[in-house]
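Architecture and fold: a report
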Amino acid sequence: MTEKTKCLIIGSGPAGYTAGIYAARADLKPILYQGLQPGGQLTITTEVENFPGYPEGITGPDMMEDLRKQCERFGTDVRWGIITAVDLSQRPFRVTADDGKEILADTLIIATGATAKWLGLDSEKKFNGYGVSACATCDGFFYRGKEVAVVGGGDTACEEATYLANLCKKVYLVHRRDELRASKAMQQRVFRTPNIEMVWNGIPKEIVGGQTVDGFIVKDAKTGEERRLDVEGVFIAIGHKPNTELFQGVLDMDEMGYLITKPDSTATNIHGVFAAGDVQDKTFRQAITAAGTGCMAAIEAERFLGEI
Ligand code: NDP
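Now for a look at the structure at hand. Sequence order sets the numbering: in each chain, residues are counted from 1 along the sequence as written. Only residues with pLDDT of at least 70 get local features here, since the model is predicted, and only at 80 or more are side-chain atom pairs given and counted; chain-wide, interface and lining totals rely on the full set of residues. By convention in this description, side-chain values take in all heavy atoms of the structure and omit both hydrogens and water.

**Topic: the sheet that holds strand β15 (residues 213-220)**
Two strands are said to pair when DSSP picks up at least two bridges between them. Helix and strand assignments follow DSSP, with helices taken as H or I runs no shorter than four residues and strands as E runs no shorter than two, numbered in order from the N terminus. Spatial strand order, β14-β15-β16: three strands in an open sheet with antiparallel pairing. One side of each edge strand has no neighbouring strand; the edge strands of this open sheet are β14 (202-209) and β16 (226-229). Shown here is a sheet whose adjacent strand axes are inclined to one another by a mean of 25°, direction ignored. Examined bridge by bridge, β14 and β15 share seven bridges and lie antiparallel to one another. Following the sheet pairing, E206 is matched in β15 by I217. Axis lines are fitted to C-alpha atoms, over the contacting stretch for helices. Their N-to-C directions set the angle, which ranges from 0 to 180 degrees.

**Some thoughts on helix α6 (residues 184-192)**
Residue burial is assigned from relative accessible area. The probe radius is 1.4 Å, only protein chains are included, and a residue is buried under 20% of its type maximum, exposed over 50%, and partly exposed in between. Listing the buried residues of α6 in full gives M186, Q187 and V190. Buried residues of α6, seen end-on, are gathered within an arc of 100° and therefore sit on one face of the element. Of the exposed residues in α6, those oriented more than 90 degrees away from the buried face are K184, A185 and R192. Those residues of α6 hidden inside the fold are in contact with α5 (155-167), β12 (170-174) and β13 (196-199). For this quantity, the arc is that covered by the directions from the helix axis to the C-beta atoms. In what follows, a contact means two residues having at least one pair of non-hydrogen atoms within 4.5 Å.

**Brief notes about the packing of aromatic side chains**
Put simply, two rings from Phe, Tyr or Trp (the six-membered ring, in Trp's case) pair if the centres are within 6.5 Å, and we call them stacked under 30 degrees between planes, edge-to-face over 60, tilted for the rest. This model, assessed by the stated rule, comprises four aromatic pairs. Ring geometry for F51 against Y54: centres 6.2 Å apart, planes inclined by 55°, an arrangement best described as tilted. A residue is classified by how much of its surface remains accessible, and Y54, at 25% relative accessible area, is partly exposed. Lying over the aromatic face of F74, R25 brings its terminal NZ or CZ to 4.7 Å of the ring centre. Comment: the charge-over-ring label is applied if NZ (Lys) or CZ (Arg) is within 6 Å of the ring centre and within 35 degrees of the ring normal. Geometry around F141 places R144 over its ring, the cationic atom sitting 4.0 Å from the centre.

Here is the structure:
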């Protein structure tokens, strides 16, 4: 069965849902496919305290539920399902979903997000949202005055460690080698911060605790010795992977796979295809910035339709 829509949105994080709200209010009658993880990355965080408009904070899942409802209130057709193929070679774009539906879309908004990489420990899954996080800006506040660990050796890990050092009593930066991958400037910031302790050659073994985390077992890659860090939070900062496999070879991407958008715009290299949120943002990665670019994408889609 083939359907037609003026605007198809792929992804259901803050970017996708905000695009849905704006596109529906502009009468584009958008269809939104939620993707693998309805609600996106925020559904795996607990409290969100930095999204404007929630003075008491809100849980990630509740916020995404509110955004979905707001989207539907204006008529966005929100669907549970995954897009499995796209043909962007001509307009309308031809998009196939895992339920077998084929959709012809005049405009496409890609808001498929990025996925944080995890270590793969069972305990990391168990404590996710209860002491384990992949976002210091989101969750660091809950660890004020406490001891935490950050895992990774790149710019993200260094940035997270310095951010947390402002809030926390002590930060262990656990890196699996004896040399950081991060830029020299970031390294210097880390080395200059007195309450960051480097744990070199540190291989994460286990995150331990009861209801919440109270320790992190790290093995020395050289000596084999195990050490217990008495931390209440473990921040995993070993990189993100943008969810762009569907668009490889078609849309312009940087070397890490993030979609490239035009300056001050969400437009990609294909007219009528827009990208919003973490799929095109490796710098800020916040719900509010994702929502902002989702809004931009819907406005740009509406203007594009007015021009063709
Ligand atoms: P990177 O891929 O640069 O670094 C990932 C780090 O995690 C590496 O040190 C890597 O170790 C370590 N790692 C990977 N897998 C594992 C694992 N399974 N166990 C333990 N450690 C692991 O990712 P980033 O997110 O740090 O950076 C991504 C890009 O974004 C970079 O280009 C970076 O420069 C950029 N960026 C720029 C910022 C800025 O300019 N302000 C801020 C943040 C990111 P190893 O080194 O041994 O491979």
